[in-house]
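Okay, here's what each chain looks like letter by letter:
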Amino acid sequence: MATDYKFEGWLGEDAGSVNGKMVWKEFEPKKWEENDIDIKITHSGICGSDLHTLRSGWGATPYPCVVGHEIVGTAVRVGSKAEGGIKVGDTVGVGAQSDSCLGRGKKDCAPCKENEEPYCINGGVNTYGSIHYNGDKAYGGYALYHRAPSHFVFKIPDGLAPEYAAPMLCGGVTVYSPLRHWGVGPGKKVAIAGVGGLGHFAVLFAKALGADEVVGISRKAAKRKEAMSLGCDDYIATDDDKDWAKHNANRFDVIISTVSSAKMPIGDYLETLALDGSMVQVGAPEEPIPVPMFSLLKGRRSLAGSAIGSPKVIREMLQFAADKKIKPFVEKRPMSDANQAIIDMEDGKARFRYVLVNE
């Protein structure tokens, strides 16, 4: 069945595309399968992952690549075997994962069977820069249309604006998932290292989950006002607050680290954890980070990692955000302005997320 619409978007053709040199071209989406959904994109969030991928920071990118994995739009075609009760005309979204083995892989996959699809042992499929199980290339959301397997397409709840929902589909769930998994709520003291695109979501969700104390940690005191406006109960500036680690020793039950720099003071972060506290790393640096083992040993502390969130968790998060009326700090940018927007993102100008909007 031919469609009356074309798949066009911003293609990164080489590593220089991260410098605002993406080009607008037509591309070929994955071949249609009856479990797929086509989406007319209205909103696409800009994520730090997009920049890492455009410049091949995490490894060689399969150019040409259309980035963008915080996609919201209108379902315009729904396959006969599609999941989730989605109908043509519904407002839907797609996050950073587009497929997994779903328990059908060569190896028995406990994660997929237990609703933990991001940890698929047979190979998860990223929304862009990846290969679908049918062998076709995956393209993302800096575009007019997107095609995705329905298992990873989500209805957007009533009351949640699309410009808020879009950046939640990766940035939001990347922190919501570990906050829930590590039991952040009443009785817990949590610190958020890196009050930026991911970190500001972590503050909003931790407060909404009822944590006793939410503390922002960033390098400079200049971010204090912004952090407190998000709802932080306190703020630590690691470059400007003398002996900050000593003064906050054994304070936190959980630290969510969104920092993606290998220069993070990880030993000092660990010293602020209470007995049996956990530091959960969600930022993905392009270089290795040495771990100071004695900071872990002497407090029976844990250092863990967490990747995005499963479809089950994403649906829970979207409804939670709608119910709690969570409003992330976003700035809408025209899709036509994508090249300048990624430059501004790289320069740290976003407060705190950019969302591209198709005119």
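Rules and cut-offs
- Residue positions within a chain follow its written sequence, with the count starting from 1.
- Two thresholds apply to this predicted model, a pLDDT of at least 70 for residue-level local features and 80 or more for giving and counting side-chain atom pairs, whereas whole-chain, interface and lining totals are computed over all residues.
- The side-chain numbers reported here are obtained from all heavy atoms of the structure, hydrogens and water having been left aside.
- Segment limits for the domains were obtained from an automatic or database-derived domain assignment.
- Only heavy atoms enter the contact rule, under which two residues are in contact if any of them lie within 4.5 Å.
- Note on terms: buried area is the combined drop in 1.4 Å-probe accessible area of two parts once they are placed together, counting the loss on both.
- Salt bridges are defined as contacts in which a side-chain nitrogen from Lys or Arg sits within 4 Å of a carboxyl oxygen from Asp or Glu.
- Between N or O atoms, a polar contact is any pair within 3.5 Å; within protein, one atom must be a potential hydrogen donor and the other a potential acceptor, and residues adjacent in sequence are included only when both atoms are from side chains.
- Numbering of helices and strands runs from the N terminus; a helix is a DSSP stretch of H or I covering at least four residues, while a strand is a stretch of E covering at least two.
- We call Asp, Glu, Lys and Arg charged. Ala, Val, Leu, Ile, Met, Phe, Trp, Tyr, Cys and Pro are nonpolar, and the rest, Gly among them, are polar.
- We call a residue buried when its accessible area falls under 20% of the maximum for its residue type, exposed when it is over 50%, and partly exposed in between, using a 1.4 Å probe and counting protein chains only.
- Here an angle of 0 to 180 degrees is reported between the N-to-C directions of two axes, which are lines fitted to C-alpha atoms, with helices fitted over the stretch in contact.
- Between 65 and 115 degrees an angle is taken as roughly perpendicular, under 35 as roughly parallel, over 145 as roughly antiparallel, and anywhere else as oblique.
- Less than a right angle of anticlockwise turn of the near helix away from the far helix marks a crossing as left-handed, whereas a clockwise turn marks it as right-handed.

Engineer: Help me understand the domain arrangement of the protein in this model?
Structural biologist: It is common to give the size of an interface as the accessible area lost on bringing the parts into contact. The domain architecture assigned to the protein consists of domain 1 (8-170 + 328-357) and domain 2 (172-305). Each partner contributes residues to the interface: domain 1 has 13 residues there, and domain 2 has 18 residues. Counting each side, the surface lost to burial between domain 1 and domain 2 is near 1300 Å², with a carbon and sulfur contribution of 59%. Inspection of the region where domain 1 meets domain 2 yields two salt bridges. Here domain 1 and domain 2 share 11 residue pairs in polar contact (both at pLDDT 80 or more) between them. At four residues, the largest contribution of residues to the side of domain 1 that touches domain 2 is made by helix H3 (residues 162-181). Among the residues making up the side of domain 1 that touches domain 2, the classes are represented as eight nonpolar, two polar and three charged.

Engineer: What should I look at first to understand the pattern of salt bridges in this one?
Structural biologist: Any two side chains of opposite charge can pair, given that their charged atoms come close. A complete count under the given rule lists 24 salt bridges for this structure. Taking the shortest distance from any N to any O, the salt bridge between Lys 155 and Asp 90 comes out at 4.0 Å. Residue Lys 155 is found in strand E9 (residues 153-155), and its partner Asp 90 is found in the loop between strand E4 (71-78) and strand E5 (91-94); the two are separated by 65 residues along the sequence. Look at Lys 155 and you get partly exposed, because its relative accessible area is 38%. Between Glu 226 and Arg 351 there is a salt bridge whose closest N-O contact spans 2.8 Å. One end of the pair, Glu 226, is in helix H5 (residues 224-230); the other, Arg 351, is in the loop between helix H10 (338-346) and strand E17 (353-357), and 125 residues separate them in sequence.

Engineer: Help me understand the packing of H3 against helix H4 (residues 197-208), please; the structure alone is not making it clear to me.
Structural biologist: A pair of packed helices is characterised by two quantities: the angle between their axes and the separation of those axes. Their axes nearest at 9 Å, the elements H3 and H4 cross at an angle of 55°. By the criterion of interaxial angle, the relationship of H3 to H4 is oblique. The element H3 and its partner H4 pack so that their crossing is right-handed. Along its contact with H3, which presents Pro 167, Met 168, Gly 171, Gly 172, Thr 174, Val 175, Tyr 176 and Leu 179, the element H4 presents Leu 198, Phe 201, Ala 202, Phe 205 and Ala 206. For the contact of H3 with H4, the class distribution of residues is 10 nonpolar, three polar and no charged.

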